[in-house]
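# Commentary on secondary and tertiary structure
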Amino acid sequence: MHEHRRGEQVRRFFAGVTEYVFQTRLGVADPPLVDYISELLARFLRSEDVYAVRSPRGQRLTQVADMLEEAMHRQGPAKRQLHRHIGDFTLFWTGVYPEVADRMQRTGGKDMLLDYRDQGKRNYLIASSIPVEREQAPSEVLQRLSDCFDICTYGLQEVRKAWEEEDGIAGPILLD
């Protein structure tokens, strides 16, 4: 029960900070978009959710290039889910921890040749165009994430500043 209560407190905190930054500071009055972003923050607190994509052999995929390759082999809802995850992954790192995203791209891995912003926009757009019966994320929201990726990135940087001011947290808050 304690873990559940803590999770709810974290969700409320991110919802409040995200709503304040996007609506008050940036003038982005789009509740479904803001809700999606605050849920993304709460979901990606756990590194297992950030790195949720696995290869068919069960290996955790940590680079966007590997995720893109895996997406070519999926169809339907699984393909949509993976493209959405790539959008979420690139938005999270470029928005919340751009210094980590830069380091991830400079380390000489496959992602060195990718632009995370372009990949985020592209993958949200692809995900929005794949029809599914039941959507966890509406296609319209994914389309807006593609269209507004840069303002969302900036907004997430501002969200991080706001929570650091609030809590005095200077480093990553990912939980294992």
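You'll find the structure just up there.
The text that follows walks through the structure, step by step, so that each part is easy to find. (Residues numbered from 1 in each chain as written. Predicted model: local features only at pLDDT ≥ 70, side-chain atom pairs only at ≥ 80, totals over all residues. Heavy atoms only, no water.)

## Overview of the pattern of salt bridges
If the charged atoms of two oppositely charged side chains come close together, the side chains can form a pair. So the rule is basically this: A pairing counts as a salt bridge when a side-chain nitrogen of Lys or Arg comes within 4 Å of a carboxyl oxygen of Asp or Glu. Note on conventions: DSSP H or I runs of at least 4 residues are helices, E runs of at least 2 residues are strands, and numbering of each starts at the N terminus. Exposed residues in this analysis have more than 50% of their type's maximum accessible area, buried residues have under 20%, and partly exposed residues fall in between, with area computed by a 1.4 Å probe over protein chains only.
For the structure shown, the criterion picks out 12 salt bridges. A salt bridge links Arg-25 to Glu-158; the nearest nitrogen and oxygen atoms lie 3.1 Å apart. You can see Arg-25 sitting in helix α1 (residues 2-25) and its partner Glu-158 sitting in helix α9 (residues 149-167), a full 133 residues away along the chain. Note on Glu-158: relative accessible area 9%, which makes it buried. Taken together, the shared-partner salt bridges in this structure form one network comprising Arg-25, Glu-158 and Lys-161.

## Regarding the nonpolar core
Heads up, the condition is: As used in this record, nonpolar core signifies buried Ala, Val, Leu, Ile, Met, Phe, Trp, Tyr and Cys residues forming a set joined through side-chain atoms within 4.5 Å. Working rule for contacts: check all heavy atoms of both residues, and any pair within 4.5 Å makes them a contact.
Membership of the largest hydrophobic core comes to 49 residues, with the highest contact counts inside it found for Phe-22, Leu-41, Phe-89, Leu-91, Phe-92, Trp-93 and Leu-145. Going through the elements one at a time, α1, α2 (31-43), α4 (64-71), α5 (76-96), α6 (98-106), α7 (116-129), α8 (139-147) and α9 are the ones with two or more residues in this core. Apart from the residues lying within four places of it in its own chain, the contact partners of Leu-91 are Leu-40, Val-96, Tyr-124, Leu-145, Phe-149, Cys-152, Thr-153 and Leu-156.

## Description of the packing of aromatic side chains
Under the convention used in this document: Pairing of aromatic rings covers Phe, Tyr and Trp, the last through its six-membered ring, and needs centres within 6.5 Å; plane angles under 30 degrees mean stacked, over 60 mean edge-to-face, and all others mean tilted.
Going through the model one piece at a time under the given rule, you end up with 10 aromatic pairs. Seen from their ring centres, Tyr-51 and Phe-89 are 5.7 Å apart, and the 70° between their planes marks the pair as edge-to-face. Taken together, the residues Tyr-51 in the loop between α3 (47-50) and α4 and Phe-89 in helix α5 connect sequence positions 38 residues apart. Residues Tyr-51 and Phe-89 agree in their burial class; the two are buried. Consider the rings of Trp-93 and Tyr-97, whose centres lie 5.9 Å apart with planes at 45°: the pair is tilted. On the basis of relative accessible area, Trp-93 is assigned to the buried category, the value being 4%. The exposure class of Tyr-97 is buried, given its relative accessible area of 1%.

## A few points about the packing of α5 against α6
Going by this rule: A fitted line through C-alpha atoms serves as each axis, taken over the contacting stretch for helices, and the angle formed by two N-to-C directions is quoted from 0 to 180°. Each residue gets one of three labels, nonpolar for Ala, Val, Leu, Ile, Met, Phe, Trp, Tyr, Cys and Pro, charged for Asp, Glu, Lys and Arg, and polar for the others, Gly among them.
Relative to each other, α5 and α6 sit at 115°, their axes nearing to 5 Å. Residue-level contacts link Phe-89, Trp-93, Thr-94, Gly-95 and Val-96 of α5 to Pro-98, Val-100, Ala-101 and Met-104 of α6. Taken together, the residues that form the contact of α5 with α6 break down as 7 nonpolar, 2 polar and no charged.

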